[in-house]
Amino acid sequence: MFEFDEEKCPEGTVPILRTDEIVSLNDHMLSKEIPGLHIAEVSLKPRLGPYYKVAGTMSIYGPQVNKDQVSMAHIWVEKGSAETMNKISAGWHVLPQIYNDNRSHFYSTWTTDNYKHTGCYNLQCRGFVQTDRTVFLGAPFGHLSVYDVISYVIYISITQDPETKNWWLTLGNKSIGYFPAALFSDLGSASIVGWGGRAGGKVGSPSPPMGSGHFPDGKSVHACYFKAVEIQDSSRDIYGPKSSQVVTFNDNNKCYGVIYYGDQGNHLGCVLQFGGPGGDCGI
């Protein structure tokens, strides 16, 4: 299990990442309408909701991207139409436009209108309330998985507090902060939750690798994966979804792939893999 370096802010303070550039919301990679974006994801069928938690243990990679590209692995909760989408997403991404490096960073983002006018990455705008003194949004991961050698993984979850209705973000064994219920116009529950990857860049240019840069093949040291994926529905039970409850979406089979394997038993639980090499993937 990966952990950040043991550094602690003084009592009464929390860590904040300073960045020089604010990424335009109109270019936000969490909106499906962005040209040049490619998606390989697994989500729960809306008719089976509402949902109050999404979680899983994800492997961490550092795909090579250039300054105009992004590659990410994430979980999310959402509700609403394309115009009124309320959404929280969290995971890891490689995004040189923000960090001026090619490292893999822990990130989160939110919106109440599908990133048209609200929301941002990390703490670039008001919204997320940081409570932990050691783990912070934007922090780089020190250890990365290596194809066919080793997987570094970490647990991540987005969970609604049933009393306050705030959405808490947990990484590893730390609940690092929350998104207040008052931020959102329509996220008293989620209609869709999911796991997977996204990658993209300028239209007309080659697309970057996603995940490990390799297609799913059922081997844990090959493609990027989530294991022990869990949800919480209206029953308030927490469980791994059956294959019949999920939908897989992949917009470009030539460049990327995604497979939901369902319950693999033992310590693995429900498993999915995603990713691919990218390349000339079209719009």
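Rules behind the numbers
Residues numbered from 1 in each chain as written. Predicted model: local features only at pLDDT ≥ 70, side-chain atom pairs only at ≥ 80, totals over all residues. Heavy atoms only, no water. Helix = DSSP H or I, 4+ residues; strand = E, 2+ residues; numbered from the N terminus. Buried < 20%, exposed > 50% of the residue type's maximum accessible area, 1.4 Å probe, protein only. Contact = heavy atoms within 4.5 Å. Areas by Shrake-Rupley, 256 points an atom, 1.4 Å probe, with all protein chains shown as cover. Patch = residues over 30% accessible without salt bridge, like charges linked within 9 Å, V, L, I, M, F, W, Y side chains within 5 Å. Salt bridge = Lys/Arg side-chain N within 4 Å of Asp/Glu carboxyl O. Phe/Tyr/Trp six-rings, centres within 6.5 Å; stacked < 30°, edge-to-face > 60°. Lys NZ or Arg CZ within 6 Å of the ring centre and 35° of its normal. Disulfide = S-S within 2.5 Å. Pairing = 2+ DSSP bridges. Polar contact = N/O pair within 3.5 Å; in protein donor to acceptor, adjacent residues only side chain to side chain.

Once that is clear, we can look at the overall build of the chain. Along the chain, the regular secondary structure elements total 1 helix and 15 strands. Of all 283 residues assigned to the chain, the portion counted as buried reaches 54%. Counting contacts in the chain only where the partners sit at least 6 residues apart, residues at least 24 apart contribute 73% of the total. About 12,200 Å² of surface is accessible on the chain, with carbon and sulfur atoms providing 50% of the total.

Take a nonpolar patch on the surface next. Judged by side-chain polarity, Val146, Val149 and Ile150 come together as a nonpolar surface patch covering roughly 240 Å² of accessible area. Along the chain, isoleucine 150 falls in the loop between β6 (129–130) and β7 (153–160). Take isoleucine 150: its relative accessible area is 34%, and that puts it in the partly exposed class.

Turning our eyes to something else, we now look at the environment of glycine 138. Along the chain, glycine 138 falls in the loop between β6 and β7. In the structure, glycine 138 is positioned 32 residues away from phenylalanine 106 in sequence and 5.2 Å away in space, judged by C-alpha atoms.

Here we come to unusual backbone geometry. Glycine aside, the phi torsion of most residues is negative, and most peptide linkages are trans. Along the chain, glycine 49 connects to proline 50 via a cis peptide bond; the corresponding omega equals 5°. Secondary-structure assignment places proline 50 in the loop between β1 (37–44) and β2 (51–59). The phi angle at asparagine 122 is positive, at roughly 55°, despite the residue not being glycine. If you trace the backbone, asparagine 122 turns up in the loop between β5 (105–111) and β6.

With that settled, consider the packing of aromatic side chains. Considering all chains together, one arrives at 5 aromatic pairs under this definition. With centroids separated by 6.0 Å and ring planes inclined at 70°, the aromatic side chains of tyrosine 107 and tyrosine 121 adopt a geometry described as edge-to-face. Here tyrosine 121 lies in the loop between β5 and β6 and tyrosine 107 lies in strand β5, a separation of 14 residues in the sequence. For the pair tyrosine 107 and tyrosine 121, a shared accessibility class is recorded, and that class is buried. Between arginine 236 and the ring centre of tyrosine 52, over which it is positioned, the NZ or CZ distance is 3.6 Å.

Think of a disulfide as a covalent bridge from one cysteine sulfur atom to another cysteine sulfur atom. Inspection of the entire model under this criterion finds 2 disulfides. Between cysteine 255 and cysteine 281 runs a disulfide, and the two sulfur atoms are separated by 2.1 Å. The sign of the S-S torsion, about -120°, decides the handedness of the disulfide formed by cysteine 255 and cysteine 281: left-handed. Separated by 26 residues along the polypeptide, cysteine 255 in the loop between β13 (246–250) and β14 (257–263) and cysteine 281 in the segment after β15 (270–275) bring together distant segments of the chain. The pair cysteine 255 / cysteine 281 is uniform in exposure class, with both members buried. Listing the disulfide partners of the chain by sequence rank of the bonded cysteines yields 1-2, 3-4.

On to the pairing of strand β3 (residues 70–79). Two faces belong to every sheet, and in a regular strand the side chains alternate between them. The element β3 is largely enclosed, with a buried count of 9 among its 10 residues. Across 9 bridges, the pairing between β3 and strand β10 (residues 192–200) is antiparallel. If you follow alanine 73 over to β10, its bridge partner there is glycine 197. A loop of 6 residues connects β3 with strand β4 (residues 86–94), the two strands running antiparallel in sequence, and glycine 80 in this loop sits at a positive phi of about 120°.

The next point concerns the side chain of glutamine 130. Its location among the elements puts glutamine 130 in strand β6. A distance of 3.0 Å separates the side chain of glutamine 130 from the backbone oxygen of aspartate 132, its partner in a polar contact.

In this section: the environment of valine 149. Tracing the backbone shows valine 149 in the loop between β6 and β7. In this structure the C-alpha to C-alpha distance between valine 149 and histidine 222, which are 73 residues apart in sequence, comes to 8.5 Å.

That's the geometry; what it means functionally is another story.
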